[in-house]
Amino acid sequence: MTQSLQQGLSHSGLSATRAGLRRLWRRYPLSLIGGFVLISLTVLSVLAPWLAPFDPFEMNVVDRLREPGEEYFFGTDAYGRDLFSRTLYGGRISLLIGLSVAGLSTLIGLLIGILAGYSRSADAVLMRIMDGLMAIPGILLAIALMSLARPGIGVVVVAITIPEIPRVVRLVRAVVLSVREQVYIQAAIATGTRLPRLMLKHILPNTLAPLIVQATYIAASAVLIESYLSFLGVGTPPEVPSWGNIIAEGRLYVQIAPWNIVCPSVFLALMVLSINMLGDGLRDMLDPRLQTRVR
Amino acid sequence: MRQIARFFLRSSLILSVMTGLLGLFSGSTGSLAQDRDKTLKVVVHANLQILDPVWTTAFITMRHGYLVYDTLYAVNSKFEPKPQMASGHEVLDNGLAYRISLRPGLKFHDGSPVRALDAVTSIKRWMARDPMGQRMNSVTASIEPLNELTFEIRLKEQWGLVIEALAKAANPAFIMPEKVALTPANTQITDPVGSGPYIFVKEEWRPGSKVVYRRNPDYIARNEPADYMAGGKRALMERIEWLYIPDHNTALAALTAGEVDYFEAPPLDFINTLERNKNLKTVDIDPLGTQGLIRPNSLYPPFNDIRARQALAHLVKQEDYMRVVVGNPALYKPFCGSFFHCGSDNGIQLGSEPFRQPNVDKAKQLLKEAGYNGEKIVVLQPTDRAQYNAATMVLIQSLRRAGVNVDVQAVDWSTLLSRRASRNQPEQGGYHLFITTQGGPDTAMPVSNVWFNTRCENANPGWACDMELDAMVAAWSRERDPLARRPILEKIHRRAWETLPYVIFGEYTQPIAVQANLHGIVAAGMPVYWNIERK
Amino acid sequence: MLAYVIKRILSTLPVLGVVAIVVFLLLRLSPGDPAAIIAGDNASANDILQIREQLGLDRPYLEQFFGWIGQLITGDFGYSIYLKRPVLQLIGERVEPTLALSLSTMAFAIVLAVPLGVLAAWRAGTWIDQTIMAFAVMAFSVPVFLIGYGLVIQFSLTLNWLPVQGFVSIHKSVGDFIRHLVLPTMTLGLVYTALLARITRATMLEILNEDYIRTARAKGLTESRVLVLHALKNASVPIITTIGTGLALLIGGVVVTESVFAIPGIGRLTIEAVLQRDYPVIQGVILVIASVYVVVNLLIDLSYSLFDPRIRF
């Protein structure tokens, strides 16, 4: 895996990348589009402070519920705040939540999964806990978790992360278990390779591909679940304009000021769609066998 | 290609059968049409969970109370107490005894007659719980039945508000059967038997979704026309269904589609849209309106200092709040400077003059004088109550403009209710500011306006503390002559704008929205369901 | 076989124990106070203190937990703090709408997704496949409540075909029962359809490359026979597994859908209970849902041998 990456890099030259891109385009057009959309959305969000024409928090009560137009591209919300600016800033929050949940849950899941796959005694306990967590529907668990602490991005991230962990653990554990049985690992163990080295050299690389794919799906679903939590009134605080939050606040006006939910929704759907498309492509690229795995 | 077609044909067979069934059934609702005509379907603002209107002050339980119970007295639209279950009363012994008689023939839902003993027991239970009842209790020597239909209240000292208290519109003294009313006041009753115009149908109660009432065939309505809470409560609908639809969008759609008849609290931004719809109309049932208030916590700095509370008042531009909370300019006044409802007889605005226009510089200066130096000010923001949430947003922005270091703590309403009761330091689970609303004839009187109570420890959360003001209110309540009350009221109002138990952020109207074919809706300050018919 | 069944059943017990602990801890650590909510909109601090004591909310956590477990074992799920009614009775009243919505959604999704998935796999790489998969990805990317609002505006407000909200019991009127379920089912079903279609396609793709399929085709069996009798039958195990594990996803969606369409089901009950900190109800609901999840997946596990004769216990 690392080797092939290095090879790829050493070949790099402009013509080579262009050819590579063309080949990618032919084989995985959807994931390329997905990647492109995702990057654009990310750039827009990151550059929000420079791109946004208004302060996303500034209420201008005289200008409430303005239609989209020259001054306000996406119109204004019920507080007279500029929806375009809010949508740009919202992207940062939603992206942050997607990335943090994906990162945190894969990291924690990886650790627990390796532990469970490696030690039979830990396995029994850990997997029972994971089964227990799996049995509680994620949204219910997140809702219940949300009532624990002051709402904030951190709490939302934790609440969405916890229900995702068992899925990662199962995936990692399965890979570890199958890798363990391989002859070369058995040989490595027999020759006295130490555990950390074993992990780093053999187990980790094998789990990486499915993990990356899983992480993209988790990121996509985290962005969606955040919007569900906001919809149900237990999401990020209203001070933090995530997309889910903007939609939840604007949904009351769907009949008289539909732009309140249309604009952020399009962005939200585009983001989730692009991550999913990218994930599908990665899955096919990294390991065709993965197609059968439950997403 | 032919194979694809065949494949699809086979696999979608079940789907088409389902669709066919659907078409078949879509026309089959006609048989229920007649029941529908005599049924009033109401979207209520909250979920009815507690059936004891004395034990809880929740508005939804109070409205339930008005359906299943009746009161001895009730106020009319001039806020004069009128007999309801009572046939009349005599004042004896120079105002120290009230002898009240019941109308004959009244019955509880279980068929037993309403007796003086039931009324006495119910009043006693209510006096143990309600703030105005407690005031009455402190001046009451005894309440005893004299015979089946008459009872007597004896006072220790003169108190001008006995009949007003019994006629109180919010959290009133509902009359329950004696065996129910014997329940201690701090224990919930669960038996919803009353003598009111509607009967609670327990079997069909689905908390969180649906409450059903049926007409009480034995109810004897008074002959006078319905007028606010007073007059004849004629139960014209056979059946009333309360639906709790928490998603306002869904509720609006259901009203537009004619699935429900009556929407208790339509979002105010939609009033114009609803009025344009020929099948619907909006009705203003609350002549007094709703008062929005910002409640400072008087236990801790800076708001334990009068000057900080005055600074807060200097920051409020009511019109900004109203634009965001209400939107439609027809539904609010740009400024209301009365603690007791601008539209009521007590609606004087004395003392409010310096606060008509916001003055940020003055506010900054006052805050400084009060010793405020950039400490965190904790504001509780209820995210699941649209109007409160909106007002809090404006409050936060105005505080920040004045250089206040605001710590916004977003919570759901239920958490806010428990947070606001906490006497802890603001940084340890307490708070500095929160927003709420109140309304109705209770707000219009200094003695029954619950947030105006300034008895320190015994006041509502926020613990407004001004015993001098409270002494004035007590003096006002002892005075029976309306003319002599006026100067006391003026003194109270001036004082209140100085010590500020709370800051008003506006007064507005919350109309209801109903199907255009509903008639006879009573403007009673809150949704009541008698007198309504479909034409 | 029997030994395996018993072992599987016993293995669910620790899972349920973990669920119970998680649920209990979750809720007792939360800051909201049911006593304050019960007391009402204009209550004083003293009232609230009194109510706390009455409800036993001031006792130590450990005492509360073991008290609760002890009750659970005797089948007593406790009483709702607000409604003073048994939790199981409350859940029982709400089962019908949720069950109806879940089952109709599953039926809708299976009827739609399996043929779509098979078709996509069969015509893999063509525009048919790409269209179906594009739809599947999209259905996954749009929030459920937006789909719901869209359907309501189109089918209820514009076309006036179907009711906006609510639920009618099947005992009252079969027609109304179905009419009220159509939009919620479509709303929730799309996501589930997408999930199942993807799995079906992926599994079928693999199987269609197997030797025995080629053999079957070589024997001259009709294409539909090959697809359904040979391929789909073998693909059924992963598909059914997904239906089972997707149950958690489905219930999450049910919560949102019930909110959009004001359906008085278990999802609404849970949200109301969480917002009001009605501990016994939340604990009961989550425990019941988790048990259902565990039992359904147990049954699915055991049913594998029916669908795939290669699996023996």
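Above this text you will find the structure in question.
Below is a summary of the structure that appears in this document. (Residues numbered from 1 in each chain as written. Chains lettered and ligands numbered in written order. Predicted model: local features only at pLDDT ≥ 70, side-chain atom pairs only at ≥ 80, totals over all residues. Heavy atoms only, no water.)

### Some words on the overall build of chain A
Along its length, chain A carries twelve helices and zero strands. Shown N-terminal to C-terminal, the secondary structure of chain A runs as helices and strands in the order α-α-α-α-α-α-α-α-α-α-α-α. Summarising its shape, the C-alpha atoms of chain A cover approximately 75 × 55 × 30 Å along the three principal directions. A buried classification covers 55% of the 295 residues belonging to chain A. In chain A, once contacts between residues fewer than 6 apart in sequence are set aside, the share between residues at least 24 apart is 69%. Total accessible area on chain A is roughly 13,100 Å²; 65% of this is exposed by carbon and sulfur atoms. Across chain A, the mean location of the 25 positive side-chain charges is 16 Å away from that of the 18 negative side-chain charges. (Helix = DSSP H or I, 4+ residues; strand = E, 2+ residues; numbered from the N terminus. Buried < 20%, exposed > 50% of the residue type's maximum accessible area, 1.4 Å probe, protein only. Contact = heavy atoms within 4.5 Å. Areas by Shrake-Rupley, 256 points an atom, 1.4 Å probe, with all protein chains shown as cover. Lys, Arg positive; Asp, Glu negative; His and termini not counted. Charge placed at Lys NZ, Arg CZ, Asp CG, Glu CD.)

### A closer look at the side chain of D129 of chain C
Along the chain, the position of D129 of chain C falls in helix α6 (residues 127–141). Beyond its immediate chain neighbours, meaning those up to four positions away, D129 of chain C contacts A120, R123, A124 and R201 of chain C.

### Brief notes about the packing of helix α5 (residues 83–118) of chain A against helix α8 (residues 153–180) of chain A
Residue and element names in this part refer to chain A. Where α5 contacts α8, the two axes come as close as 5 Å, and the packing angle between them is 40 degrees. The crossing of α5 and α8 is right-handed. Broken down by class, the residue content of the contact of α5 with α8 amounts to 21 nonpolar, seven polar and three charged. (Axes fitted to C-alpha atoms, helices over the stretch in contact; angles between N-to-C directions. Left-handed = near helix turned anticlockwise from the far one by under 90°. Nonpolar A, V, L, I, M, F, W, Y, C, P; charged D, E, K, R; others polar.)

### Remarks on the side chain of R135 of chain B
Residues and elements named next belong to chain B. Within the fold, R135 resides in helix α6 (residues 131–139). On the accessibility criterion, R135 (15% relative accessible area) is buried. Residues contacting R135, with those up to four places away along its chain left out, are W159, V447, R455, D470, V473 and A474.

### A word on the environment of Y388 of chain B
All names here are of chain B. Position of Y388 relative to the elements: it lies in helix α14 (residues 386–401). In sequence terms Y388 and V44 are 344 residues apart; their C-alpha atoms lie 18 Å from each other. When neighbours within four sequence positions are excluded, Y388 is seen to be in contact with P382, W413, I435, T436 and T437.

### A word on α6 of chain B
All names here are of chain B. Here α6 has its buried residues at M132, G133, R135, M136 and V139. Down the axis of α6, the buried set is contained in an arc of 155 degrees. They therefore lie on one face. The inward-facing, buried residues of α6 abut α5 (116–127), β6 (140–145), β7 (150–155), α7 (162–167) and α16 (467–478). Its side-chain oxygen placed 3.0 Å from the backbone nitrogen of M132, D130 serves as the N-cap of α6. (Arc of directions from axis to C-beta. Polar contact = N/O pair within 3.5 Å; in protein donor to acceptor, adjacent residues only side chain to side chain.)

### Observations regarding the interface of chain C and chain A
At the interface, 48 residues of chain C touch 44 residues of chain A. Approximately 4,000 Å² of surface area, both sides summed, lies buried where chain C meets chain A, with 77% of it carried by carbon and sulfur atoms. Run the count over chain C and chain A and you get zero salt bridges. Linking chain C to chain A there are five residue pairs in polar contact (both at pLDDT 80 or more). Taken together, the elements giving at least two residues each to the side of chain C that touches chain A come down to α1 (2–28), α6, α7 (144–158), α8 (174–208), α10 (223–260), α11 (266–276) and α12 (279–307) of chain C. Considering each element in turn, the side of chain C that touches chain A owes the most residues, nine residues, to α10 of chain C. The residue inventory of the side of chain C that touches chain A, partitioned by class, reads 37 nonpolar, eight polar and three charged. (Buried area = accessible area lost by both parts, 1.4 Å probe. Salt bridge = Lys/Arg side-chain N within 4 Å of Asp/Glu carboxyl O.)

### Points about α8 of chain A
In an α-helix, one full turn covers 3.6 residues, which means residues spaced three or four apart are oriented alike. For α8 of chain A, with 28 residues, the first-to-last C-alpha span of 39 Å sits near the 40 Å given by 1.5 Å per residue. At E164 of chain A, α8 of chain A shows its strongest bend, of approximately 35 degrees, with the proline P166 of chain A following within four residues. (Expected span 1.5 Å × (residues − 1). Bend = angle between axes of the 7 residues up to and from the residue.)

### Section: the sheet that holds β6 of chain B
All names here are of chain B. As summarised here, the arrangement of the four strands in space is β4-β5-β7-β6, forming an open sheet in which the pairing is antiparallel. Unpaired on one side and paired on the other, β4 (86–92) and β6 mark the two borders of the sheet. Going across the sheet, the axis of each strand differs from the next one's by a mean of 15 degrees, ignoring polarity. Where strand β5 (residues 97–102) lies against β7, five bridges are found, and the strand directions are antiparallel. Residue pairing for β7: S101 is matched across the bridge by T150. Across the face of the sheet, α5 comes into contact with β5, β6 and β7 while running at roughly 150 degrees to β6. Here α6 sits on the sheet and contacts β6 and β7; the angle it forms with β6, its principal contact strand, is near 95 degrees. (Pairing = 2+ DSSP bridges.)

### Brief notes about the state of the cysteines
All names here are of chain B. Within the structure shown, the criterion is met by two disulfides over all chains. Through a disulfide, C456 is tied to C465; the S-S separation comes to 1.9 Å. With the S-S dihedral at roughly 70 degrees, the linkage between C456 and C465 falls on the right-handed side. Here C456 falls in the buried class, since its relative accessible area comes to 16%. Under the relative-accessibility criterion, C465 is labelled partly exposed at 47%. (Disulfide = S-S within 2.5 Å.)

### Re the environment of E203 of chain B
All names here are of chain B. Looking at the element boundaries, E203 is found in the loop between β8 (198–200) and β9 (210–215). Owing to a relative accessible area of 62%, E203 belongs among the exposed residues under this scheme. The spatial distance from the C-alpha of E203 to the C-alpha of A311 is 54 Å, given a sequence separation of 108 residues.

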